[in-house]
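Close look at the chain arrangement
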Amino acid sequence: MRIGSRVRLLAGVLTLGLAVTACGGARVADGTNSTAQPSPGGASAPAAAGTVRLAVNPWVGYEASAAVVAHLLKDKLGYTVELKELKEQVSWEGFETGEVDVIIENWGHDDLKKKFIEEKKVAVEAGSTGNKGVIGWYVPQWMVDKYPGITDYRNLNKYAELFKTSESGGKGQLLFGDPSYVSNEEAIIKNLKLNYKVVTGGSEAALIQSATQAQEQQKALLFYFWDPHWLFSRTKLARVNLPPYTEGCDTDPKKVACDYAELDLDKIVSKRFADSGGKAYQLVKNFTWTNEDQNAVANDITNNGMSAEDAAKKWIDANPAKWQAWLPA
Amino acid sequence: MTAQATVSPAVPPAPPPAVRRRPRERLPRFVLPVVGVAVAAGLYLVFRGTATLPHDDGAAPFLFLNDVRDWVDDNRNENPLFLYLINYLRLGIGGLFDAVSAGLHALPWPALIALTAAAGWLAGGRRVALVAGLGFASFGVLGVFAASVDTLALTLTAVLLSLLVGLPLGVWAGRSRRVRRLITPALDVMQIMPTFAYLGPMVLFFQIGPASATVATMIYSIPPAIRITALAVEQVSPTAIEASVSLGATRWQTLRKVHLPMARRTITLAVNQTIMMALSMVVIAALIAAPGLGSDIIRGLSRANVGVMLPAGLAIVFMGIALDRLVMATAAPRSPRRSRYGAAGVLAAAGIGLSFVLPAEYPESWEWRIGPPVDDAVRWMQSAWYDVTEAIKNIATEGLLNPLQNLLTSSPWWLVALAVLVLAWRVSGAVPAFTALGCLLAVALLGLWEHSMETLTTVLVAVVLTLLAGLALGVAAARHPRYAALQRPLLDAAQTMPAFIYLLPALALFGTTRFTAVFASVVYAVPPVVRLVEDGIKGVPQTVVEAALSSGSTTRQLLWKVQFPMARRAILLAANQGIVMTLAMVVVGGLVGAGGLGFDVVSGFSQSSDFGMGFAAGAATVLLGIMLDRITQGAERRPSPQQQKMRIA
Amino acid sequence: MLEETVEAARQVPDPAARPSGSTAIDVRGLWKIFGPRADRVLNGPDIHLDPNALLEKTGCTAAVRDVTFEVRAGEMFVVMGLSGSGKSTLVRCLTRLIEPTAGKIHIAGEDVCSASPAALRELRRHRVSMVFQHFGLLPHRRVVDNVAYGLEIQRVPKAERHRRAEEILSLVGLAGHAQSYPDQLSGGMQQRVGLARALAVDPQVMLFDEPFSALDPLIRRDMQAEVVRLHRDVGKTMVFITHDLSEALKLGQRIAIMRDGAVVQLGTPEELVAAPADDYVADFVRDVAKSEVLSLRWICRTPAENEHLDGPVMNAETIIKDAVPAVLGSARPIRVVEGGSLVGVVDRLDILAAMAARPERPRPGSRSRS
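From a predicted model like this one, the values you see are computed outputs, not experimental measurements. (Residues numbered from 1 in each chain as written. Chains lettered and ligands numbered in written order. Predicted model: local features only at pLDDT ≥ 70, side-chain atom pairs only at ≥ 80, totals over all residues. Heavy atoms only, no water.)

**Considering the sheet that holds strand β2 (residues 61-72) of chain C**
Residue and element names in this part refer to chain C. To keep things clear, this is the line we draw: The pairing criterion is simple: DSSP has to find at least two bridges between the two strands. In DSSP terms, a helix is any run of H or I states spanning at least four residues, a strand is any run of E spanning at least two, and both are numbered starting from the N terminus. Note on contacts: a residue pair qualifies if any of its non-hydrogen atoms lie within 4.5 Å across the two residues. Structural elements are reduced to axes, namely lines fitted to C-alpha atoms, with helices fitted over the stretch in contact, and the angle between N-to-C directions of any two is expressed from 0 to 180 degrees.
With respect to topology, 4 strands assemble into an open sheet ordered β2-β1-β4-β5, the strand pairing being antiparallel. Only two strands of the sheet have a single neighbouring strand rather than two, namely β2 and β5 (110-111). Where strand β4 (residues 102-107) meets β5, 2 bridges bridge the pair, whose relative direction is antiparallel. Residue I107 lies in a different strand from β5, and its bridge partner there is E110. Of the strands in this sheet, β1 (23-34), β2 and β4 are in contact with helix α4 (residues 87-94), which crosses β1 at around 120 degrees.

**Considerations on the interface of chain C and chain B**
Rule in force here: By buried area we mean how much accessible surface two parts lose on assembly, using a 1.4 Å probe and totalling the loss over both. Any Lys or Arg side-chain nitrogen found within 4 Å of a carboxyl oxygen on Asp or Glu counts as a salt bridge. In the analysis that follows, any N or O atom pair within 3.5 Å is treated as a polar contact, provided that within protein one partner can donate a hydrogen and the other can accept it, and provided that, for residues neighboring in sequence, both atoms belong to side chains. In this classification, the charged set is Asp, Glu, Lys and Arg, the nonpolar set is Ala, Val, Leu, Ile, Met, Phe, Trp, Tyr, Cys and Pro, and all remaining amino acids, among them Gly, are polar.
At the interface, 35 residues of chain C touch 22 residues of chain B. Surface buried jointly by chain C and chain B totals about 2400 Å² across both partners, of which 62% is contributed by carbon and sulfur atoms. One can count 2 salt bridges joining chain C with chain B. In this structure, E242 of chain B engages R92 of chain C in a salt bridge whose closest nitrogen and oxygen atoms are separated by 2.2 Å. Remark: the boundary between chain C and chain B carries 7 residue pairs in polar contact (both at pLDDT 80 or more). Elements with a minimum of two residues in the side of chain C that touches chain B: β2, α4, α5 (117-126), β6 (128-131) and α7 (149-153) of chain C. Looking at the side of chain C that touches chain B residue by residue, the classes come out as 14 nonpolar, 10 polar and 11 charged.

**Observations concerning the interface of chain A and chain B**
The figure often quoted for interface size is the accessible area lost as the parts come together. Of the residues lining the interface, 55 residues belong to chain A; the matching set on chain B comes to 54 residues. Across the chain A/chain B interface, buried area totals approximately 4900 Å², and carbon plus sulfur atoms make up 54% of it. Across the contact surface, chain A and chain B share 0 salt bridges. Mapped onto the side of chain A that touches chain B, the elements with two or more residues apiece are α1 (2-20), α3 (88-97), α4 (110-119) and α7 (204-216) of chain A. Looking at the side of chain A that touches chain B element by element, the count peaks at 6 residues for α3 of chain A. Of the residues contributing to the side of chain A that touches chain B, the split by class is 18 nonpolar, 20 polar and 17 charged.

**A closer look at the UniProt feature "domain: ABC transmembrane type-1" (unreviewed entry) in chain B**
Defined as follows: UniProt positions are given in the numbering used here, feature names are shortened, and annotations may be inferred rather than shown by experiment.
With numbering aligned to this structure, UniProt lists the feature "domain: ABC transmembrane type-1" (unreviewed entry) at residues 148-327 and 452-632 of chain B. Counting secondary structure, residues 148-327 of chain B comes out at 84% helix and 0% strand; the distance between its end C-alpha atoms is 19 Å.

**Regarding helix α2 (residues 60-75) of chain B**
Turn by turn, an α-helix covers 3.6 residues, leaving residues three or four places apart pointing in a common direction. This is how the line gets drawn: In this scheme, a helix's expected span is set at 1.5 Å multiplied by one less than its residue total. Using a 1.4 Å probe on the protein chains alone, a residue whose accessible area is under 20% of its type maximum counts as buried, one over 50% counts as exposed, and one in between counts as partly exposed.
Taking 1.5 Å as the rise per residue, α2 of chain B with 16 residues should run 22 Å; its terminal C-alpha atoms sit 22 Å apart, in good agreement. Listed as buried for α2 of chain B are F62, L65, N66, R69, V72, D73 and N75 of chain B. In the core, the buried residues of α2 of chain B are packed alongside α4 of chain A together with α3 (80-106), α8 (199-206) and α28 (611-632) of chain B.

**Remarks on the domain arrangement of chain B**
Residue and element names in this part refer to chain B. For the record, the criterion: Note that the domain bounds were set by an automatic or database domain assignment.
Entries for chain B in the domain assignment read domain 1 (72-106 + 144-291) and domain 2 (385-637). For domain 1 and domain 2, the distance between their C-alpha centroids amounts to 27 Å. Opposite the 21 residues of domain 1 that make contact, domain 2 presents 25 residues. When the two sides are added together, the surface that domain 1 and domain 2 hide from each other amounts to roughly 1800 Å², 84% of it contributed by carbon and sulfur. By the criterion of area lost to domain 2, the three top residues of domain 1 are I192, P194 and F196, representing 38% of everything that side buries. Where domain 1 meets domain 2, there are 0 salt bridges. Scanning the region where domain 1 abuts domain 2 turns up 0 residue pairs in polar contact (both at pLDDT 80 or more). When residues of the side of domain 1 that touches domain 2 are traced back to their parent elements, those giving at least two are α7 (177-192), α8 and α12 (264-284). The element best represented in the side of domain 1 that touches domain 2 is α12, accounting for 5 residues.

**Observations concerning unusual backbone geometry**
D227 of chain A connects to P228 of chain A through a cis peptide bond whose omega is 10 degrees. With respect to the helices, strands and loops of the structure, P228 of chain A is situated in the loop between β7 (223-227) and β8 (237-240). Despite not being glycine, Q207 of chain B shows a phi value in the positive range, around 60 degrees. Residue placement: Q207 of chain B occurs in the loop between α8 and α9 (210-235). Accessibility expressed as a relative area gives 4% for Q207 of chain B, which makes it buried.

**Regarding the side chain of E185 of chain A**
Residues and elements named next belong to chain A. How we decide: This count recognises Lys and Arg as positive and Asp and Glu as negative, with His and chain-terminal groups excluded.
Inspection of the secondary structure assignment puts E185 in helix α6 (residues 185-191). Buried charge without a salt bridge: E185, with R239 as the nearest opposite-charge side chain at an N-O distance of 9.1 Å. At 2.9 Å, the side chain of E185 and the side chain of S183 are in polar contact. Those residues in contact with E185, other than ones at most four positions away along the chain, are W137, L174, F176, V198, Y224 and Y260.

**Observations regarding the confidence of the model for chain C**
All names here are of chain C. In plain terms, the rule: Per-residue confidence from the predictor is reported as pLDDT, which spans 0 to 100.
Per-residue confidence for chain C gives a mean pLDDT of 83, with 91% of residues at or over 70. Mean pLDDT per element in chain C: helix α1 (residues 2-11) is the minimum at 42, and strand β8 (residues 237-242) is the maximum at 93. Counting interchain partners and residues more than four positions distant, the pLDDT-below-50 stretch residues 1-20 has 27 contacts. Low pLDDT, under 50, characterises residues 359-370; the stretch is placed with 19 contacts to residues that sit more than four places away or in other chains. Scoring of the predicted complex yields 0.78 for pTM and 0.76 for ipTM.

**With respect to a nonpolar patch on the surface**
All names here are of chain B. For clarity, the threshold we go by: Only residues whose relative accessible area exceeds 30% and that form no salt bridge are eligible for patches; like-charged ones are grouped when within 9 Å, while nonpolar side chains (Val, Leu, Ile, Met, Phe, Trp, Tyr) are grouped when within 5 Å. Shrake-Rupley sampling with a 1.4 Å probe provides the accessible areas, and residues are treated as covered by the protein chains on show and by no other component.
Where nonpolar side chains cluster on the molecular surface, the patch consists of L115, I352, L354, F356 and V357 and spans about 510 Å² of accessible area. Element by element, the count of residues in the nonpolar patch is highest for helix α15 (residues 341-357), at 4 residues. Inspection of the secondary structure puts L354 in helix α15. L354 gets classed as partly exposed once you look at its relative accessible area, which sits at 42%.

**Quick look at the nonpolar core**
A general tendency of soluble globular proteins is for nonpolar side chains to be buried together. The condition that has to hold: Note on terminology: a nonpolar core comprises buried Ala, Val, Leu, Ile, Met, Phe, Trp, Tyr and Cys residues joined through side-chain atoms within 4.5 Å.
Counting residues in hydrophobic clusters, the biggest one holds 327 residues, and the most contacted among them are W137 of chain A together with F196 and M627 of chain B. With residues up to four places along the chain from it excluded, the contact list for F196 of chain B reads I284, L287, V587, V588, L591, G598, V601, V602 and F605 of chain B. One finds A63, V71, I98 and V239 of chain C within the second-largest nonpolar core, a separate group that totals 34 residues.

See the structure below:
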């Protein structure tokens, strides 16, 4: 009897599913019948204004931007905000499935832009965040003082021995962050014939911790890092000069042999959000601040024991002029 | 058993020296393995560095899989398979999740807690009510109420669907040997498959989101549902069934009135197992945008921040304990339910009443923020124990991981394959040996040889450590009942926890390195190993132990000459279990710097250009799992429905 | 004392207990072969191999080999054999709990082998019921619901089936235990529940598959007496499987002895003991106290020339042991008569010789052979 009712239930659910979606087959994200409706998916107190799904990528600068925007959306515009802890790539896929409305800080990703904006037409650009972003290789300052010329990539092989660790298999170690980060490291090492191995620390935190220790305890470290970041105000780091970026030198990911370009970080939103996001979309579109603003909030989150929400609130309280300009008229 | 060492009777005085008693003396048992190792070592020294298969991010299989992904992406809305099946599944499952989630979220928090407690009271009385109620209340105290409800909704959805599919299949398999034989290999593979491995395919077919997470969770949680149900149905006393049939019951009547009621307790166990598996999987599914607590854990992992993870981790553990007690209480035979309706009703009513009085959202002032103090503690621990943890890490890495990894990656592939073949043949026989070999070669063809060798290294080291620890603790528990009594609840708790939780202390102590994964795997796999070893040694018949003691054995002799040999099957089974669990954990360890295949899988979700590699790495972990399982399966299959002998007489 | 009731019951020599008229069960040429391609083995030459050779060559086991017998209505028919002799398979073939490989079975005139599933169910529901060695009770049901199970299957309304179950429970001496669960009862009581369950559907035929072999000897004797009493009271046809010779002798009106799947001898207890068909049976019954089984018919002799034929008269059916006091008490030989005519005489020497022919007294419940 129990089994029987279960089978019937299953049949019922399936039939229902078929009936609901008519007979044209089910399309993903065709706007009308996917689960991606901007409806209060399961929130207890449905906010009148609707729900915004904001992707959160795994670095604290992003988290700072997201926290500020989320706080304004909730507090000033009355939206419900779902913060989704997702990696960059997955966030983009979220535009298609309806899991994600907004990526608040996008680092380049020309391939993804081509696929989701141009081809699939499920996302659109929503302007610059005002942050300038640049990725690079760094060493702690003390190494520059002790080993002259270490910031020139041509000398790296000479110093490879210094960077050897138990994880790097006899070569010098280049410490990398979260596996989802934008990365040309393997190609650069190969194409510049560097005797180094990329070792993935797994997170921004691992990079920060290693960098801090390296400077404080005078340990050798070569690592992947980026600006804007609060760390620069606390620890002295020096950037390694790779062959300078030229237009198009990073087009073929296998042949990259140059440094990263300075990126104008931008915001990406789903097509649906752009079309029907109303005031929320306006706010996201208008959002723009400086690297210092972001670093301040990120610093509070990481070093001053604040939650992202509290840090955002602190910045908002201190900078009313800035955010008031973002609010839709 | 062991005393077969041929004690020859006193040799007659002065045997004719010219005539050897036997022309071909049997070689001592250690000679063959030693020769084998020597040959392998020789071959290694000669061919070292040749025929290695170094890793290439652009290997052909990866690119092919990328193309497949692109094709699926382009045809998702045209291809009939997607249009009429997969997309509907996605919608249906997504819809079910939305419904469950909306239903749970619609309950005010005091009502949810009270209803759970009431259910506990109904099922098992005051104690269960207390555990269930406190468990759910802890979500609020930990400050993760909403996320917990999401996780609960996802778990319930996945469990519901798993049972919907698993129970009927299990019943069917329990009654038909043919069905059982058909699905057993599939279940084997599903159980060996590290959880990470099928996230890639999920994303490909179902994209990210709750639907996809639910399906991934189902794959993980269905096998125990089917297996244990089948076992339960199969174990129903054949006489009872015969009695029913002999009275003219139809198949359906016998199923309903005999099989199901008699298998109820074990089926409850199946439900329980399914819930536990689902709970641990919904956390991992956060990687493909499953809502809920997993998100916090991933965030904590990616920020190396224990304070962020711990509340979520604790909430999951408490949820697991609450659900476990709740479900198991319903299995108790013939509980006096009726008398409990009153109390349960009062409890539920009180909760619903309270929800009108209390704020709609769990008040922040009632939360207990454990994040900051925990972070402080972790920071203190990291600096205070730095030398110790660093030393342990370095010794293990330099002493075990690196040499072994060097050995494996610099050996010619054919030498490794040969070694695997010979080893598997000796331990398990020809068929498993060739299966293992096939898996290994397939891994090579996938273009993941080097990374597989890295993962294999980590697994081997972790397994050795696990077995050492497991044997020691298991023996101790078998010998000292008082210690066993102390250890048992710990083991119970450990086995309720989802795999991810184990990354937490490992990460806090060792940062992100390969050793972190080793440490987490050992902690994860030790409890079941301890239990199997303990049970195996305790399972040695008392009379045999008495016989050994009465002939004057020391405890040491007893252990080595009687208990270990007689518990051999249990110990080998423990090894097999340990290997499968370790592999699963090492792969998850890709998130905390374990490298190898696990990292490739993580990369696969993270970088669009690595999708193919991640997908292939998922497949490779499965192959590696099957290979290791086959090598050790000579021991015994994991608890699978036993063949019943035909009864003649 | 128990012995006596048993004796008494079995001895009832009236025609009612030995109806020759109607046949309740008729089995002809029954085969059951376990293993691959049983049909081919059955029709091939290998079928005459001995069991081990057969198993080795074909992978098959012939559990029942060409068995033919009939059971008369109201008869207590015992099938006895050692474990592995095929007796349990045989009894399961009767209602096709195990599908026979070949042969014909008729129960009350109905062809069981060709019965449709529905007809077979009807047969099992109303005409034949079975009592099992390990009871086969449902632990999740109260005793009363266990007993009513067969009726429940037939969709008898609850009130009625409970009434009937209570009735049967008092018949088997379990009144007052209706609300217990099986695991709260002793083994003997559990088997009474099994018995009640089989009786509740009011079958014409009851099959017993070693019902008492899992019980303690004392309880076993009680239960045997119980079955004898039931047999007398309710007059069902019963087929009783056992591996215990003394049980077979106590209960059976006729006994079939099985070995390796075949029936080696079929006869009354007296016939088996007095005239074993082969060495196997002879070996079996060697330890039986003949004086307790055989009747005077088997030891009486034609009177000698000068013997006095004026001693007391006794029926030829009288068991030797029971005749001892009379024979010893009489100075003259006893005249043994059957149907009014003299069949022979028995004197003190004869009876002492018969008594002395038993090497040891079999303990109740002991196996005759190990």
